[in-house]
Amino acid sequence: MARIILVPIDISDKELTQRVVSHVEAEARIDDAEVHFLTVIPSLPYYASLGMAYTTELPPMDEFKAESATRLKEIAAQFAIPEDRVHFHVKEGSPKDNILELAKTLPAELVIIASHRPDITTYLLGSNAAAVVRHADCSVLVVR
Ligand code: ADP
């Protein structure tokens, strides 16, 4: 079975991706791994917390998903990995839950994740990174 690497990307963040690029490229070269990029769109509780009613004031989720897929592909284009070994996933809900679920179903041999947003220096491990490190069945490379 092919070696599968899962790379969760927060598309609202630019800088973070730069730090993981070289690590993903290096790991992708080992055994010609398949690289799966995933971005998760936070769902309703997030919008509700912003005080938005989700029926009328939000653009349709399909639109969000299409835009997110486009953005994810733009970000992935910065990685030097052969196109036929790159795959994309756009999910909706909790980032950590979706990362863990996809890691299990692929199944991924390795998850490569950044420790936290670069502009947030108050903690060493973000909540999504922490949950993935704690609960994933596979190896997790945390990039600082
Ligand atoms: P912070 O709270 O500082 O943003 P996180 O733990 O959320 O820290 O982010 C660390 C990493 O988790 C990100 O670099 C990314 O790999 C992953 N991640 C976070 N949010 C998402 C998301 N919405 N979709 C996919 N991956 C995400």
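Below is a summary of the structure that appears in this document. Note that the structure is a prediction, hence the values are computed from the model and not measured.

Right, let's get into the overall build of the chain. Of regular secondary structure, the chain possesses five helices and five strands. Listing each helix as α and each strand as β along the chain from the N terminus yields β-α-β-α-α-β-α-β-α-β. For the chain, the proportion of contacts with a sequence separation of at least 24, taken over those separated by at least 6, is 79%. Accessible area for the chain stands at about 8,300 Å²; split by element, carbon and sulfur atoms hold 52% of it.

This paragraph deals with the packing of helix α4 (residues 95-105) against helix α5 (residues 127-135). Interhelical geometry of α4 versus α5 gives an angle of 35° and a closest axis separation of 9 Å. Between α4 and α5 lies a crossing of right-handed hand. Of the residues in α5, those touching α4 at P95, K96, I99 and L100 are S127, N128, A131, V132 and H135. Across the contact of α4 with α5, the residue classes break down as five nonpolar, three polar and one charged.

This part takes up the environment of E92. Tracing the backbone shows E92 in strand β3 (residues 86-92). Relative accessible area serves as the criterion here: at 36%, E92 is assigned to the partly exposed category. The sequence separation of E92 and D32 amounts to 60 residues, and the corresponding C-alpha distance is 29 Å. Excluding its chain neighbours within four sequence positions, the residues that come into contact with E92 are V40, I41, S43, M61, K65 and N98.

Another point: the packing of aromatic side chains. Scanning the model with the defined rule gives two aromatic pairs in all. Where F37 meets F88, the ring centres are 6.1 Å apart and the plane angle is 20°; that geometry is what we call stacked. With F37 in strand β2 (residues 34-41) and F88 in strand β3, the pair connects residues that are 51 residues apart, well separated along the chain. Its relative accessible area of 33% is what places F88 among the partly exposed residues. Three or more aromatic residues joined by ring pairs form one cluster here, namely F37, F79 and F88.

Counted by the stated rule, this structure contains five salt bridges. The salt bridge involving R85 is made with D32; its shortest N-O contact spans 3.7 Å. Here R85 is found in the loop between α3 (61-76) and β3, whereas its partner D32 is found in the loop between α1 (15-29) and β2, with 53 residues between them in sequence. When the shortest N-O distance is used, the salt bridge between R71 and E74 registers 2.9 Å. Of the two residues, R71 and E74 both sit in helix α3, three residues apart, roughly one turn of that helix. What makes E74 partly exposed here is its relative accessible area of 45%. Through salt bridges with shared partners, a single network forms among R3, E27 and E109.

Rules and cut-offs
Residues numbered from 1 in each chain as written. Predicted model: local features only at pLDDT ≥ 70, side-chain atom pairs only at ≥ 80, totals over all residues. Heavy atoms only, no water. Helix = DSSP H or I, 4+ residues; strand = E, 2+ residues; numbered from the N terminus. Contact = heavy atoms within 4.5 Å. Areas by Shrake-Rupley, 256 points an atom, 1.4 Å probe, with all protein chains shown as cover. Axes fitted to C-alpha atoms, helices over the stretch in contact; angles between N-to-C directions. Left-handed = near helix turned anticlockwise from the far one by under 90°. Nonpolar A, V, L, I, M, F, W, Y, C, P; charged D, E, K, R; others polar. Buried < 20%, exposed > 50% of the residue type's maximum accessible area, 1.4 Å probe, protein only. Phe/Tyr/Trp six-rings, centres within 6.5 Å; stacked < 30°, edge-to-face > 60°. Salt bridge = Lys/Arg side-chain N within 4 Å of Asp/Glu carboxyl O.

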